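Given next are the chains, with one letter for each unit.
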Amino acid sequence: MPPTDMPLITHPAGTDEALRLALEDLLLGRWLSTRDLLAATGPDRALRTSRSQVLALAAQSDAVAAWCAEEPASGTAAMMRARVLTQRALDLQAARPNSRDVRRASDAARQACDVARDRLPLDPVWAVCLLALAQLDADPRYPLYRDNWEQSSDSLLPRGPWTLLDWANRLDPPHSREAHHRVLQCLHARGGGAMGFARWVSRDAPFGSPLLVLPLYAYVEDYRRQAGARYRRGLIGYWGTESVQNAARRARDSWFSPLVKLPPEQRPAWSLADLNHLAYALVKSGLTGSAGRVFRQIGAYATAAPWAQLSESGDWEGEFCRARAFALRQEPPAG
């Protein structure tokens with residue numbers, strides 16, 4: 001089927017078929033597939049982190065609580081409990097910002113993180129969960145936890161959860177992708193420092209690192225907030241500015257291109273969200289001729305972010321398909 005005719009697949013598991021099956025069971029309140037999937041993930045800490053994140057988004061039933069009751073000594077069950085309680089605190093903040101219930105949910109999640117750390121001290125997920133909760137501690141007038149408001153050794157960075165980030169990177173070397181995204185969300189919640197952090201991280205990121213895509217997430221959120229504040233006149237030409245174009249080129253040339261040249265069996269797992277952010281930035285910044293290869297790698301697996309976040313029509317899937325068709329028409333001829 002030609003790429004332009006592909007129906008879109010927006011399942012949270014993406015191309016991970018094993019994760020898809022575990023999600024289906026978890027939504028039905030069954031946890032055995034989740035336990036087996038995480039056990040089969042083995043020593044790949046990045047994959048364990050990303051799979052546990054997706055599973056937590058689906059675990060709205062009491063399946064994980066039942067798992068903890070059935071296997072109280074399981075470190076992985078404790079880890080998933082920390083994941084689920086963290087996600088519930090974040091969801092509660094989105095529904096009832098800064099309510100007392102949010103504070104109670106955040107405290108419960110932090111306690112679950114402490115249990116997970118005691119059970120599996122070398123697992124990076126407890127540190128990632130604490131970084132996710134840091135965005136709920138966003139008011140400098142009333143700081144809740146000292147580890148969310150540390151001074152950085154780098155004068156370019158604001159106060160933030162820097163020791164937690166360092167722990168996550170040590171536990172998932174050389175860097176934890178999700179940990180950096182969680183810090184970015186924390187700084188967005190505090191209203192400053194996110195763009196500088198994203199640029200600081202990407203500046204030293206090596207070839208092939210997904211952290212080279214981090215500035216594109218910062219630009220998406222910056223654009224979304226300005227558009228929401230009715231600054232649309234100032235947003236004309238936003239994506240064509242030199243800073244955005246340079247970030248898109250660097251993500252393309254130093255992250256995407258080196259990895260896409262590797263044989264599939266040697267290629268690390270792609271983040272579909274990263275691919276979609278890169279495709280969006282290349283199209284919007286006028287670098288469409290090189291976006292076709294990214295769309296081919298995405299295939300049918302579109303992610304709502306950033307398309308839905310920045311959609312002007314409300315039909316983000318249609319906008320994705322039109323951008324994909326345009327990018328593929330602009331591809332230079334082979335050879």
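Residues numbered from 1 in each chain as written. Predicted model: local features only at pLDDT ≥ 70, side-chain atom pairs only at ≥ 80, totals over all residues. Heavy atoms only, no water.

1. A word on helix α3 (residues 45-58)
Stated precisely, the cut-off is as follows: Every helix listed is a DSSP run of H or I at least four residues long, and every strand listed is a run of E at least two residues long, numbered separately from the N terminus. By definition here, a helix of n residues has an expected span of 1.5 Å times n minus one. Working rule for contacts: check all heavy atoms of both residues, and any pair within 4.5 Å makes them a contact. Between N or O atoms, a polar contact is any pair within 3.5 Å; within protein, one atom must be a potential hydrogen donor and the other a potential acceptor, and residues adjacent in sequence are included only when both atoms are from side chains.
With 14 residues, α3 ought to run about 20 Å at 1.5 Å a step, and its terminal C-alpha atoms sit 20 Å apart, in line with that. Packing partners of the buried residues in α3 comprise α1 (17-27), α2 (32-40), α5 (75-95), α7 (125-134) and α9 (177-190). Where α3 starts, the residue carrying a side-chain oxygen 3.3 Å from the main-chain nitrogen of A46 turns out to be D44.

2. Some thoughts on the environment of P210
Tracing the backbone through its elements, the reader meets P210 in the loop between α10 (194-203) and α11 (214-228). For the pair P210 and F256, spaced 46 residues apart in sequence, the C-alpha to C-alpha distance is 8.6 Å.

3. Remarks on the pattern of salt bridges
Note the threshold: Think of a salt bridge as a Lys or Arg side-chain nitrogen and an Asp or Glu carboxyl oxygen that are within 4 Å of each other. Exposure is judged per residue with a 1.4 Å probe applied to protein chains only, and the accessible area is read against the type maximum: over 50% gives exposed, under 20% gives buried, and values in between give partly exposed.
Considering all chains together, one arrives at 21 salt bridges under this definition. A salt bridge links D36 to R35, with the nearest nitrogen and oxygen atoms 3.4 Å apart. Taking the relative accessible area as the measure of exposure, D36 reaches 44% and is therefore partly exposed. A residue is classified by how much of its surface remains accessible, and R35, at 28% relative accessible area, is partly exposed. Here R177 makes a salt bridge to D274, at a shortest N to O gap of 2.8 Å. One end of the pair, R177, is in helix α9; the other, D274, is in helix α13 (residues 272-284), and 97 residues separate them in sequence. Classification of D274 as buried rests on a relative accessible area of 0%. Overlapping salt bridges bring together R35, D36 and E71 as one network.

4. What about unusual backbone geometry?
With an omega dihedral of 0°, the bond running from P173 to P174 counts as a cis peptide bond. Inspection of the secondary structure puts P174 in the loop between α8 (162-171) and α9. Residue P306 is bonded to the preceding A305 through a cis peptide linkage, with omega at 5°. By the element assignment, P306 lies in helix α15 (residues 304-310). The phi dihedral of N98 falls on the positive side, at around 60°, and the residue is not glycine. Inspection of the secondary structure puts N98 in the loop between α5 and α6 (100-119). According to the relative accessible area criterion, N98 is exposed, its value standing at 63%.

5. Quick notes on the state of the cysteines
Inclusion rule: Throughout, disulfides are identified as pairs of cysteine sulfur atoms within 2.5 Å of each other.
In total, this model carries 0 disulfides according to the counting rule given. C68 carries a free sulfur, and the closest cysteine sulfur to it, the one in C129, is 13 Å from it.

6. Topic: the packing of aromatic side chains
Filter applied, for reference: Side-chain rings of Phe, Tyr and Trp, where Trp is taken by its six-membered ring, are said to pair if the distance between their centres is within 6.5 Å; with planes under 30 degrees apart they count as stacked, over 60 as edge-to-face, and otherwise as tilted. For a lysine, the NZ atom is tested; for an arginine, the CZ atom; a charge sits over a ring if that atom is within 6 Å of the ring centre and within 35 degrees of the ring normal.
Under the counting rule described, the total for this entry stands at 16 aromatic pairs. Aromatic side chains W239 and Y280 sit 5.5 Å apart centroid to centroid with 75° between the ring planes, which places their arrangement in the edge-to-face category. With W239 in the loop between α11 and α12 (242-260) and Y280 in helix α13, this pair connects stretches of sequence that are 41 residues apart. An identical accessibility class is assigned to W239 and Y280; each is buried. Pairing W307 with F320 gives two aromatic rings, centres 5.1 Å apart and planes at 85°, and the pair type is edge-to-face. With W307 in helix α15 and F320 in helix α16 (residues 316-329), this pair connects stretches of sequence that are 13 residues apart. Looking at F320, the relative accessible area reads 0%, which means it is buried. In textbook terms, an aromatic cluster arises when at least three aromatic residues are bridged by ring pairs, as seen for Y219, Y223, Y238, W239, Y280, F295, W307 and F320. Positioned above the aromatic ring of W126, the side-chain terminus of R117 is 4.7 Å from the ring centre. Residue placement shows R170 over the ring face of W167; its charged tip is 5.9 Å from the ring centre.

7. Quick notes on the environment of P143
Along the chain, P143 turns up in the loop between α7 and α8. A relative accessible area of 42% means that P143 is categorised as partly exposed. Among all residues touching P143, those that are not within four sequence positions of it are D137 and W149.

8. Thoughts on the packing of α8 against α9
What describes two packed helices is the angle between their axes and the distance between those same axes. Just so we agree on the cut-off: Lines fitted to C-alpha atoms define the axes here, with helix axes fitted over just the stretch in contact, and angles between the N-to-C directions of these axes take values from 0 to 180 degrees. In what follows, roughly perpendicular refers to angles from 65 to 115 degrees, roughly parallel to angles under 35, roughly antiparallel to angles over 145, and oblique to any angle outside these ranges. Helix crossings are classified by the rotation of the near helix relative to the far one: an anticlockwise turn of less than a right angle makes the crossing left-handed, while a clockwise turn makes it right-handed. Each residue receives one of three labels: charged for Asp, Glu, Lys and Arg, nonpolar for Ala, Val, Leu, Ile, Met, Phe, Trp, Tyr, Cys and Pro, and polar for the others, Gly being one of them.
Two numbers describe how α8 lies on α9: the axes approach to 10 Å, and their chain directions differ by 165°. As far as their axial angle goes, α9 and α8 are roughly antiparallel. Along this stretch, α8 crosses α9, giving a crossing that reads as right-handed. Contact residues: α8 offers W162, L165, A168 and N169, while α9 offers A179, H180, V183 and L187. When its residues are assigned to classes, the contact of α8 with α9 shows 6 nonpolar, 2 polar and no charged.

9. Points about the side chain of T303
For T303, the position within the fold is in the loop between α14 (291-298) and α15. Owing to a relative accessible area of 17%, T303 belongs among the buried residues under this scheme. A polar contact of 2.7 Å, which involves the side chain of T303, links it to the backbone oxygen of A305. Residues within four places of T303 in sequence aside, it is in contact with L272, A273, N276 and W316.

Structural measurements only, silent on function.
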